[in-house]
Amino acid sequence: MPSSAESPRPHVPAEAVTAIAALAENAVAEHRTSGVTWAIIGGHAHDQAILAHGAAGHRELVDGRPAPGSSPMDRATVSRIASMTKSFTAATILALRDEGRLSLDDPISAHVPEAAGAFELADDDREPTLRRLLTMDAGLITDNPWGDRQEAMTREEFAAVLRGGLGHVHRPGGRFEYSNTGYALLGRVIDEVTGSDYAAEIRRRFLDPLGLTATGWSSGEIDTGRLATGHRLADRTDATRFEAVPLDSPGVYGAMAGLFSSVDDVATWVRFLAAADAEGSASRGAGPLATASRREMQQLHRHQALAPLPAGQDGVSPGFDRVRGYGFGLVIEHFPDLGEVISHSGGYPGYGSFMVWHRDSGVGVVALANSKYAPATPLSMQALRILQREAPELLARRAPEAAPRTLEAASAALDWLRTGQDALADAWFADNMDLDVPRAERRRRLEKALAVTGLDASALEALRVEDAQVLSRARMRWTMPARSGAGSAGSASGGGAAAGGAGAAGGATSAAGAATAPSALQVELLMDPRREGLVQSLDTIAR
């Protein structure tokens, strides 16, 4: 990590903190939650886990007023994180996989014998594997209301449920369908493989090594003096709608939603997971789970279909506002404005929670609230967008870097464009290049592209390797503006050319179908797939 002297660390401006605090305060004032505590999580460029924090509301309400002895919500408040627990269960399964104690492609009954015969399967179906359960595509029925009330279920009671059989909504591997029961089954896998129980194993592997001292499974493991009481929403609209909900006791279903935690502990967990994508992650200590396994958790393994955006006046939907899917105990989304973010929400009787972080920067948000259906998710996503607006450097997207071999090839390719020397082509062109487009024709296409854009060969002298747009480790692009007034003659005669790939056209096309003058000359290079690769395409295109 660079020192502050080398690279100033982006910070959260006061305006952003004020705006985010107002979101939380409004949620309480409008009786959408009884209380909430939130924090901005430091990213890859930060030493500190929390960059800013705040809270609103109280830990417990009675008849719409703070309960006697109750404290306001604050940074130290402990709340239930509900389904955010799934990330801990998934991490433990991966740790056992890394140790060779199970395979993600094992059928569930290989570790939980009572699950044999529990699934409704067609003759050509296979029993769901651990991987299917991790990624929410085992075909089980979405069970949020029912599953939320099963936390205390014993192993014996769960075995009876399995013997009675589980319903399904689709065949295993068919599509995404959120399932708490699937993660209860994964908790039982941890029990059976370790000879212990999932709660003790998660504590031993992650809570204790990471110093998550405010995190636990029951009132006996946490400081109840810091605990926020959960509230249900009654059929009223003022503060009296919040009615206290009694706590349940840990059982089989706790593996899907049983943890209590604080914003500080969640921030530590988020930073541990997010660090797998940080620059230089390979040289950092792996901690209690391998870096590659943490990255595996944060990959989109099962796409989650979303409803299209509302149709416009023409009756056609403009598409989708994001791509969304499930990893291993985590949700992965790609937004046009934010880029890729990783998250998980939590909803439980009396509580709502959300953790989210930006993959490239590692900066995140956590919100823990003490009422059911609390707006923890929209509050956190709005906070992330406030950060993007007020401090865009905080959520800066990581630019790809070209491989050293690509940079070397780029220098040679630019020299060939300028000189046409066969020795350069002999040394750097892959064997497909001359077969695809003979060198003489490649030169003619280059000359046409230059002419259409009003440029001449001298323009190529201005191209430098370091000025390219890096598209990937193996792909680079240079763009030169066309000369003013260029292109009309060439366009009229079908001008515009590519020195390389097929089908490049010169200039854009208007709504009426007439060709317009190109605005730029683009040079794009792509290496072949070998480690000591050569140039497999070198296109010069008038656009």
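Residues numbered from 1 in each chain as written. Predicted model: local features only at pLDDT ≥ 70, side-chain atom pairs only at ≥ 80, totals over all residues. Heavy atoms only, no water.

A large share of helix α7 (residues 198-207) lies buried, amounting to 7 of its 10 residues. Those residues of α7 lying buried are Tyr198, Ala199, Glu201, Ile202, Arg205, Phe206 and Leu207. On an axial view of α7, the arc spanned by its buried residues comes to 165°, and they lie on one face. One side-chain oxygen of the residue at the start of α7 lies 3.0 Å from the amide nitrogen of Ala199, identifying that residue as Asp197. (Buried < 20%, exposed > 50% of the residue type's maximum accessible area, 1.4 Å probe, protein only. Helix = DSSP H or I, 4+ residues; strand = E, 2+ residues; numbered from the N terminus. Arc of directions from axis to C-beta. Polar contact = N/O pair within 3.5 Å; in protein donor to acceptor, adjacent residues only side chain to side chain.)

On to the packing of aromatic side chains, then. Summed over the entire model, instances satisfying the criterion amount to 9 aromatic pairs. An angle of 50° between the planes, with centres 5.9 Å apart, marks the rings of Phe176 and Tyr326 as tilted. Here the residue Phe176 occupies a position in the loop between α5 (155-164) and α6 (180-194), and Tyr326 occupies one in strand β10 (residues 323-326), the gap between them amounting to 150 residues. The two residues Phe176 and Tyr326 agree in class, both being buried. (Phe/Tyr/Trp six-rings, centres within 6.5 Å; stacked < 30°, edge-to-face > 60°.)

A sheet is described by the order of its strands in space; here 4 strands give the open sequence β15-β16-β17-β18, paired in antiparallel fashion. Strand pairing shows two members of the sheet lacking a second neighbour, β15 (469-472) and β18 (535-542), which therefore form its edges. Going across the sheet, the axis of each strand differs from the next one's by a mean of 15°, ignoring polarity. Relative to strand β16 (residues 475-481), β15 runs antiparallel, the two sharing 3 bridges. Bridge pairing in β16 links Val470 to Met476. Contacts between helix α12 (residues 404-419) and the sheet are confined to β16, β17 (520-527) and β18, with β17 contributing the most and set at about 135° to the helix. (Pairing = 2+ DSSP bridges. Axes fitted to C-alpha atoms, helices over the stretch in contact; angles between N-to-C directions. Contact = heavy atoms within 4.5 Å.)

Okay, the nonpolar core next. Phe88, Ile108, Leu185, Trp269 and Met297 are the most contacted members of the largest nonpolar core, which has 80 residues in total. Ranked by residue count, the leading element in this core is helix α9 (residues 263-274), at 8 residues. In contact with Trp269, other than residues within four places in its own chain, are Ser87, Phe88, Ala91, Phe206, Leu210 and Met355. Phe429, Leu450, Leu455 and Val523 belong to the second-largest nonpolar core, a separate cluster that totals 33 residues. (Core = buried A, V, L, I, M, F, W, Y, C linked by side-chain atoms within 4.5 Å.)

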